[in-house]
Amino acid sequence: MEETIEKITQDLIAAAKRFYEARFQLGNGGNLSARYPGKEWMIVKGTDVAFSEVSEKTLVITDFNGALVSGSIKPSKEALLHGALYRRLPDVQAIMHCHSPWATGWAASGKPLEFATYHSKLKLKGEVPVFDSGTYAVPEDFFPTILAHFDRYPEARAFLLKGHGQLAVGKNVWDAAYNAELVEETAQIGVISVLMGTHT
Ligand SMILES: [Zn+2]
């Protein structure tokens, strides 16, 4: 059964709060979104809104080009990338993007995330690569590079952005949030493994 807009909105608010409290996204960076049921629209965080401030008032509705459909503030600068992902990946219902420290630290290596646990290998599928878009927000001309990754690994659930953060997708808000948490956990274990000299 398709989820209601009310349920999706409450899940986005709760997931944002959880990520702020877990210190996966401090300040007013990061972004999260979900498909609007039955339309080529998404519900997305407004620009410069902290994850701790996500509410019915600071979420907006846009089309997949980031044009405002409903809401009183501008959408996050990264809404365009979310729209491009929804357009290309019909199974993706929600996206979590954050600057979580372990994943972002791992991204500095430029190497795909090492699947340090059986759980990460099972859930994250394919590969979690590192992209270097060279800017603080992924520019549109970089989208084809990211979309090509999902063409290659249709079940891929996440990628890292060098000097920036991570993005995870899911079949609903919590699935995307848990994938992002798994990326963060896996990166932390990966860094510890490297420091102990025990990684493969
Ligand atoms: Zn970001």
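Residues numbered from 1 in each chain as written. Predicted model: local features only at pLDDT ≥ 70, side-chain atom pairs only at ≥ 80, totals over all residues. Heavy atoms only, no water.

Asks: So what's going on with the pairing of strand E3 (residues 59-63)? Residues and values would help.
Replies: Burial within E3 is extensive, with 4 of its 5 residues counted as buried. The pairing of strand E2 (residues 41-45) with E3 spans 5 bridges and is antiparallel. Of the residues in E3, the one forming a bridge with Lys-45 is Leu-59. Two strands pair when backbone bridges link them, and E3 and strand E4 (residues 68-70) are joined in this way by 2 bridges, in the antiparallel orientation. The partner of Ile-61 across the bridge, within E4, is Ser-70. Adjacent in sequence and paired antiparallel, E3 and E4 are bridged by 4 residues, among which Gly-66 carries a positive phi angle near 80 degrees. (Buried < 20%, exposed > 50% of the residue type's maximum accessible area, 1.4 Å probe, protein only. Helix = DSSP H or I, 4+ residues; strand = E, 2+ residues; numbered from the N terminus. Pairing = 2+ DSSP bridges.)

Asks: With reference to specific residues and values, describe the layout of surface pockets.
Replies: Computed from the structure, the largest pocket encloses a volume of approximately 230 Å³. Taken together, Asp-91, Lys-123, Lys-125, Glu-155, Arg-157, Lys-171, Asp-175, Tyr-178, Asn-179 and Leu-182 make up the lining of the largest pocket. Classifying every residue of the lining of the largest pocket by side-chain character gives 2 nonpolar, 1 polar and 7 charged. (1 Å grid on protein atoms, 1.4 Å probe; cavity = no way out; pocket = protein on both sides within 12 Å on 5 of 7 lines; lining within 4 Å. Points joined across faces, edges and corners; volume = space filled by probe spheres on them. Nonpolar A, V, L, I, M, F, W, Y, C, P; charged D, E, K, R; others polar.)

Asks: Could you give an account of the packing of aromatic side chains, naming the residues involved and the relevant values?
Replies: A complete count under the given rule lists 7 aromatic pairs for this structure. When the ring of Phe-19 is compared with that of Phe-24, the centres are 5.2 Å apart and the planes differ by 80 degrees; the resulting orientation is edge-to-face. For Phe-19, a relative accessible area of 0% corresponds to the buried category. On the accessibility criterion, Phe-24 (17% relative accessible area) is buried. Arranged with centres 5.5 Å apart and planes meeting at 65 degrees, the rings of Phe-131 and Phe-159 form a pair that is edge-to-face. Residue Phe-131 is found in strand E6 (residues 130-131), and its partner Phe-159 is found in strand E7 (residues 158-161); the two are separated by 28 residues along the sequence. The residues Phe-131 and Phe-159 share a single accessibility class, namely buried. (Phe/Tyr/Trp six-rings, centres within 6.5 Å; stacked < 30°, edge-to-face > 60°.)

Asks: A description of the coordination of the zinc ion should follow, citing residues and the corresponding values.
Replies: The zinc ion binds to the protein through Glu-78 (OE), His-97 (NE2), His-99 (NE2) and His-164 (NE2); the donor distances cover 2.0 to 2.6 Å. Around the zinc ion sit 4 donor atoms, and with donor-metal-donor angles ranging over 88 to 139 degrees the site reads as irregular. Classification of His-99 by relative accessible area gives partly exposed; the value is 29%. Of the residues examined, His-164 reaches a relative accessible area of 8% and is grouped as buried. (Donors = N, O, S within 2.8 Å, 3.2 Å for Na, K, Ca; no water. Tetrahedral: all angles 85-135°; square planar, octahedral: opposite > 155°, others 65-115°.)

Asks: Please set out the nonpolar core residue by residue, giving values where relevant.
Replies: Of all hydrophobic cores here, the largest spans 36 residues; its most connected members are Leu-12, Phe-19, Leu-32, Met-96, Leu-113 and Leu-160. Elements with a contribution of two residues or more to this core: helix H1 (5-21), strand E1 (31-35), E3, strand E5 (94-98), helix H3 (101-107), E7 and helix H6 (173-196). Ranked by the residues each element gives to this core, the list is headed by H6, at 8 residues. Counting residues in each nonpolar core, the second largest holds 24 residues, with Leu-81, Ile-95, Phe-142 and Ala-156 among its members. (Core = buried A, V, L, I, M, F, W, Y, C linked by side-chain atoms within 4.5 Å.)

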